[in-house]
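Coordinates in review
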Amino acid sequence: MVCEVNPKILPETDNSCGIDLGIIDFATFDNGEKVKAPKPLKSKLKRLRRLQKHLSRKQKGSKRREVTRNKLAKLHAKITDIRTDFLHKLSTKVIKENQLIALEDLNVSGMVRNRKLSRTISDLGWRSFRTMLIAKGEMYGRDVRIINRWEATTQTCSCCGEKGGKKELSVREWTCLFCKTKHDRDVNASKQILKVAGGQLDTQNGLQRECKTTIKACPFG
Ligand SMILES: [Zn+2]
């Protein structure tokens, strides 16, 4: 596996980011930026499922089964390449641009009981992404913090800190009943993740600042 980070010390930065990992968008950042998983990956994953089904129907030891098996192996390798490349590029970008990076702890099996959904999640590579961030963070002196998943980041309003109750996965936007702020579900979660990781639950300033790019002022600096 080739890592594209330049092996030199990164200059320190005041930037920090909170990241919410999801299915619709692979990663949502606290500044509102959203990154989707590469499209070719999705179509290839579909093809993978189809081939797997075909394979199970083919007679054992048959030539056609062998052909399908080869196709499947090639596709597997291709998917791994696309995904690894995507995860490496994104994790490197995040590490380069931020001093503090906050993520939520992932408990894929416990969090998602729906088998189809948990398969999608493992396909996306959340776990690899986290592993890469931690490894690159250590290598380049960045602070990668994983927060406890019980912090209820989707339920808490990142502006006023009030809990708005449990939200189904289908609820993409919501308005805080207390401070009337309209939230994008994932952006609010990533803001909250950063807030919890920074240990600055009482200071709200800074966190409400909207930024145009990933590079933003550190609310904790
Ligand atoms: Zn609120």
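Residues numbered from 1 in each chain as written. Predicted model: local features only at pLDDT ≥ 70, side-chain atom pairs only at ≥ 80, totals over all residues. Heavy atoms only, no water.

Another point: the coordination of the zinc ion. All of the protein donors around the zinc ion are Cys157 (SG), Cys160 (SG), Cys176 (SG) and Cys179 (SG); their distances to the metal are 2.3 Å. All donors to the zinc ion come from one chain, and their sequence spacing reads C-x2-C-x15-C-x2-C. (Donors = N, O, S within 2.8 Å, 3.2 Å for Na, K, Ca; no water.)

So, about the sheet that holds strand 1 (residues 16-21). Strand order in the open sheet formed by five strands is 3-2-1-4-5, with mixed pairing between adjacent strands. Looking at the sheet topology across the chains shown, the edges are occupied by strand 3 (34-35) and strand 5 (143-147). Here four bridges tie strand 1 to strand 4 (residues 100-104), and the two strands are oriented parallel to one another. Bridge assignment links Ile19 to a residue of strand 4, and that residue is Leu103. Against the sheet, helix 5 (residues 126-139) contacts strand 1, strand 4 and strand 5, and its axis sits at roughly 140° relative to strand 5. Along the sheet, helix 6 (residues 185-198) contacts strand 1, strand 2 (27-29), strand 3, strand 4 and strand 5; its crossing angle with strand 1, the most-contacted strand, is approximately 130°. (Pairing = 2+ DSSP bridges. Helix = DSSP H or I, 4+ residues; strand = E, 2+ residues; numbered from the N terminus. Contact = heavy atoms within 4.5 Å. Axes fitted to C-alpha atoms, helices over the stretch in contact; angles between N-to-C directions.)

Opposite charge on two side chains permits pairing when their charged atoms draw close. The full count for this structure, using the stated rule, is 11 salt bridges. The partner of Arg145 in a salt bridge is Asp143, with the nearest N and O atoms 2.6 Å apart. (Salt bridge = Lys/Arg side-chain N within 4 Å of Asp/Glu carboxyl O.)

With that settled, consider the packing of helix 2 (residues 63-97) against helix 5. Two elements in contact, helix 2 and helix 5, have axes separated by 9 Å at closest approach and are oriented at 40°. Regarding the angle of helix 2 to helix 5, the classification is oblique. Between helix 2 and helix 5 lies a crossing whose hand is right-handed. Contacts between helix 2 and helix 5 pair Thr84, Leu87, His88, Leu90, Ser91, Thr92, Val94 and Ile95 from the former with Ser128, Phe129, Met132, Leu133, Lys136 and Gly137 from the latter. Looking at the contact of helix 2 with helix 5 residue by residue, the class counts come to seven nonpolar, six polar and one charged. (Parallel < 35°, antiparallel > 145°, perpendicular 65-115°, else oblique. Left-handed = near helix turned anticlockwise from the far one by under 90°. Nonpolar A, V, L, I, M, F, W, Y, C, P; charged D, E, K, R; others polar.)

This next bit is on a positive patch on the surface. Together, Lys46, Arg47, Arg50 and Lys71 give the surface a local cluster of positive charge. The element contributing the most residues to the positive patch is helix 1 (residues 39-57), with three residues. Along the chain, Arg47 falls in helix 1. (Patch = residues over 30% accessible without salt bridge, like charges linked within 9 Å, V, L, I, M, F, W, Y side chains within 5 Å. Areas by Shrake-Rupley, 256 points an atom, 1.4 Å probe, with all protein chains shown as cover. Lys, Arg positive; Asp, Glu negative; His and termini not counted. Charge placed at Lys NZ, Arg CZ, Asp CG, Glu CD.)

Honestly, it's all geometry; don't read function into it.
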